[in-house]
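Okay, here's what each chain looks like letter by letter:
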Amino acid sequence: MIKKLQIDRIEGKLAVMTDDDEGIFNIPADFFGENAVEGNIFEVVFENGKPVRATFLSEETEAGRRKIKELMAKLRKKK
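Residues numbered from 1 in each chain as written. Predicted model: local features only at pLDDT ≥ 70, side-chain atom pairs only at ≥ 80, totals over all residues. Heavy atoms only, no water.

The next point concerns the sheet that holds strand β2 (residues 14–18). With antiparallel pairing, five strands are arranged side by side in an open sheet as β3-β2-β1-β4-β5. Two strands in the sheet have a free side with no partner beyond their single neighbour: β3 (24–28) and β5 (50–56). Here the average twist between neighbouring strands, direction ignored, is 45 degrees. (Pairing = 2+ DSSP bridges. Helix = DSSP H or I, 4+ residues; strand = E, 2+ residues; numbered from the N terminus. Axes fitted to C-alpha atoms, helices over the stretch in contact; angles between N-to-C directions.)

Shown next as structure tokens:
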């Protein structure tokens with residue numbers, strides 16, 4: 001199974017991740033190495049319910065960050 005997951009937060013040694021269906025996945029943060037940063041998006045391959053491989057999706061992560069910055073700027077202008 002392949003899932004696209006985003007790191008919502010780091011709690012201790014776990015990366016708490018979410019998918020588009022609002023599912024929650026707790027995966028050891030060290031599985032993602034230096035890319036274990038809140039907001040980063042990964043394609044994670046699971047076998048027998050366990051993560052075996054992850055690919056950091058840098059372009060999607062940056063696009064998501066730009067979108068959030070744009071939304072925040074719009075909200076600030078409304079005040």
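A few words on the pattern of salt bridges. Under the counting rule described, the total for this entry stands at five salt bridges. Here D8 makes a salt bridge to R9, at a shortest N to O gap of 2.4 Å. Given a relative accessible area of 34%, R9 falls into the partly exposed group. What emerges from the salt-bridge pattern is a single network uniting D8, R9 and E11. (Salt bridge = Lys/Arg side-chain N within 4 Å of Asp/Glu carboxyl O. Buried < 20%, exposed > 50% of the residue type's maximum accessible area, 1.4 Å probe, protein only.)

We now examine the side chain of D19. By the element assignment, D19 lies in the loop between β2 and β3. For D19, a relative accessible area of 11% puts it in the buried group. Of note is the side chain of D19, whose polar atom sits 2.8 Å from the side chain of K3. Every residue in contact with D19, bar those within four places of it in the chain, is listed here: K3, K4, L5 and F25. (Polar contact = N/O pair within 3.5 Å; in protein donor to acceptor, adjacent residues only side chain to side chain. Contact = heavy atoms within 4.5 Å.)

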